[in-house]
Amino acid sequence: MNCWQPRVRLTKKNIRKGALDIMFAEWLFFGLAALSVLGAIGLILFRHPMNGAMSFVVTLISLAGLYALLSAKLMFAVQLIVYAGAIMSLIIFIIMFLNIQNSDLPVERGKGIFLVGGAVVIAPIAMFLYKIMRSLPGTRNVMGDNTYFVGNGFGDVKEVGLILFNHWLLPFEIISILLLIALVGAVIMAGKREAGK
Amino acid sequence: MILNYLTLSIILFCLGILGVISRRNVFTVFMSIELMLNAANLAFITFSRLHVSMDGQVLAMMVIAVAAAEASLALAVVILLHKHKGVLDTNIFSLLKG
């Protein structure tokens, strides 16, 4: 028992309510998981990058829903605003900016062969990763004790911020320098060149 | 169940690898890399839920920041490529060989 678990009295009614909660959350999980996998498959199968980007947005939004199910409230908002909002709109902006016609797309003749061959190569690795995940302690339990969600401000802005600025201050500063360098690099690379250079 | 989330993360990661190795469109390859980053994020947040500590969420936030930096640089490279060569084929990157 830790401080993030809500203190619930284990009466019969509460237990039944908890079981219902868990069932509802499981259904929600399976719906969102199916959506995200479908979006990812669409991303790697669509020929035009615009369609791929649109189906990738579906994946990102359903991943945000999964973060909410894992009671990471701040990450839910950040995923929606930064990933599905900012990064994807940047990508879609560039795709539309380049005005890609169907004739500009590269011919991908052996796509099916590459897909099947890649799947054959990747499948044992996926099985191996699954075995590892299964063997980790605690991964096969139902979450928590009769509660799917963790309350008491777990994953809230204030708590995550406290952890970020207490324990992760140096990585935070390094990230800020990285963003600055990326900004300067993008301006230098994509900016207008002087004639004769 | 924690294991379901981890399995979903593995599936998404493998789909990302498939996209990188089977497609030749620069944008699709780039978005597949973003998909792999997202799968790693899902695993981070799942582990943070498993151990009921929020360090995993902080790490996922840093991954998002790195993805944003990567997006800006990669899109600058793609714009340069399109301006100079007029194609969106990853094979054209082979002229970077010294």
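Residues numbered from 1 in each chain as written. Chains lettered and ligands numbered in written order. Predicted model: local features only at pLDDT ≥ 70, side-chain atom pairs only at ≥ 80, totals over all residues.

Q: Tell me about the overall build of chain B, residues and numbers included.
A: Assigned secondary structure in chain B consists of 3 helices and 0 strands. Secondary structure elements of chain B occur, N-terminal to C-terminal, as α-α-α. On C-alpha atoms alone, chain B measures out to a radius of gyration of 16 Å, which is more than a quarter above the 13 Å that the 2.2 N^0.38 rule sets for 98 residues. Taken along its principal axes, the extent of the C-alpha atoms in chain B is 50 × 25 × 20 Å. Within chain B, the fraction of its 98 residues that count as buried is 49%. Long-range contacts, defined here as pairs at least 24 residues apart, represent 46% of the contacts in chain B between residues at least 6 apart. (Helix = DSSP H or I, 4+ residues; strand = E, 2+ residues; numbered from the N terminus. Rg over C-alpha atoms; globule rule 2.2 N^0.38 Å. Buried ≥ 20, exposed ≤ 12 C-beta atoms within 10 Å, placed from the backbone. Contact = placed C-beta atoms within 7 Å.)

Q: Can you explain the environment of Gly19(B)? Please cite residues and give values.
A: Note that Gly19(B) resides in helix H1 (residues 2-22). Distance in space between the C-alpha atoms of Gly19(B) and Phe30(B) is 9.2 Å, their sequence separation being 11 residues. Discounting residues that sit within four places of it in the chain, Gly19(B) has contacts with Leu43(A), Ile44(A), Thr28(B), Val29(B), Ser32(B) and Leu35(B).

Q: Mind laying out the nonpolar core, listing which residues take part and the relevant values?
A: Among soluble globular proteins, nonpolar side chains are generally buried collectively. Judged by nonpolar contacts, the single largest core of 56 residues is most densely connected at Tyr67(A) and Leu42(B). For this core, the elements supplying multiple residues, two or more each, are helix H1 (12-45), helix H2 (49-69) and helix H3 (73-98) of chain A together with H1, helix H2 (26-50) and helix H3 (55-85) of chain B. Sorting elements by how many residues they give to this core places H2(B) first, with 13 residues. Residue contacts for Leu42(B): discarding those within four places in its chain leaves Leu63(A), Leu66(A), Tyr5(B), Leu8(B), Ser9(B) and Leu12(B). (Core = buried A, V, L, I, M, F, W, Y, C linked by C-beta atoms within 7 Å.)

Q: So, the domain arrangement of chain A: which residues are in play, and what are the values?
A: Taken domain by domain, chain A holds domain 1 (12-152) and domain 2 (156-197). Centre-to-centre, using C-alpha coordinates, domain 1 of chain A lies 26 Å away from domain 2 of chain A. (Domains from an automatic or database assignment.)

Q: Can you tell me about H3(A), naming the residues and giving the values?
A: Residues and elements named next belong to chain A. Counted at 1.5 Å a residue, the expected span for H3 with its 26 residues is 38 Å, and the 36 Å between its end C-alpha atoms agrees. The largest bend along H3 measures about 30° and falls at Gln79. Turning to H3, its buried residues are Leu74, Met75, Phe76, Val78, Gln79, Tyr83, Met88, Ile91, Ile94 and Ile95. A positive backbone phi angle near 55° is found at Asn99, which sits one or two residues after H3. (Expected span 1.5 Å × (residues − 1). Bend = angle between axes of the 7 residues up to and from the residue.)

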